[in-house]
Amino acid sequence: ARVALPRRCLILGPSHAGSSMPWSLMAAGAYRTPLGDVPIDEACAQALLSRCSFLEPDVWAQRGEHAVEVLLPFLQRLGPRDLAVVPIVVGSDNSEEFRLMAHALAQVIRMQEEPVLLIASSDLSHYEPRRAGHAHDRELIDALRRLDDARLIRSVQDGSVLMCGYGAAACVLRAARELGARRGTLVRYGTSAEAGGDPHSVTGYAGIIIS
């Protein structure tokens, strides 16, 4: 059954390996999945472009990207039929750019006449033994639950944990705080080992709702 998700969705994910674009979005057209096309919210995309000088419209940056595309079938299946999205690819490690992007996201969302769903898509630990992955993921999840983007950035940049989409998550955490959010609630945590993967080389996953 379809659920009461907003019709507009901004999705941030990490850039794929080899991409030369630190910041880009798909500003027009549609994202095609096996369930059909998901149109781009062009007005929202243009509003973001006008507020971030470093953000570039580039459809090619979406090719090979997977953090956004894996979410779309779920949104299509569960959400409204007139879903529209703005996919944003983050390849930067610049904390000041994270702050500016978060502020732009909050501004654009405030401009909308209806609710907007803001999503960050990322894996957690990568290719570690399960016990080490659990310990590192607890650090990340605690920062996410506290909406502590500074701690998240620090933990990844000093090398103590690994999260490929930490920049996307940091932007969403800060934007959510600007919009009045106070906490994150962990819905579920697991690793690839629980799906039959190698327990000596796991990838961690968590679902967190910010409110």
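That block above? That's the structure.
This is a predicted model, so every value here is computed, not measured.

### Re the pattern of salt bridges
- What the rule picks out here adds up to eleven salt bridges.
- Note that Arg 32 and Asp 37 form a salt bridge whose closest N and O atoms lie 2.7 Å from each other.
- Owing to a relative accessible area of 43%, Asp 37 belongs among the partly exposed residues under this scheme.
- Here Arg 174 ties to Asp 149 by a salt bridge, and the two come within 3.5 Å at their closest N and O atoms. Taken together, the residues span a long stretch of sequence, with Arg 174 in helix α6 (residues 166-178) and Asp 149 in helix α5 (residues 149-157) at a distance of 25 residues.
- Each of Glu 139, Asp 142, Arg 145, Arg 146 and Arg 151 takes part in salt bridges that share partners, so that together they form one network.

### Section: the state of the cysteines
- Scanning all chains against the criterion turns up zero disulfides.
- In this structure Cys 9 is not part of a disulfide, and its nearest cysteine sulfur, from Cys 44, lies 10.0 Å away.
- For Cys 9, a relative accessible area of 2% gives the class buried.
- Classification of Cys 44 as buried rests on a relative accessible area of 3%.

Analysis parameters
- Residues numbered from 1 in each chain as written.
- Predicted model: local features only at pLDDT ≥ 70, side-chain atom pairs only at ≥ 80, totals over all residues.
- Heavy atoms only, no water.
- Salt bridge = Lys/Arg side-chain N within 4 Å of Asp/Glu carboxyl O.
- Buried < 20%, exposed > 50% of the residue type's maximum accessible area, 1.4 Å probe, protein only.
- Helix = DSSP H or I, 4+ residues; strand = E, 2+ residues; numbered from the N terminus.
- Disulfide = S-S within 2.5 Å.

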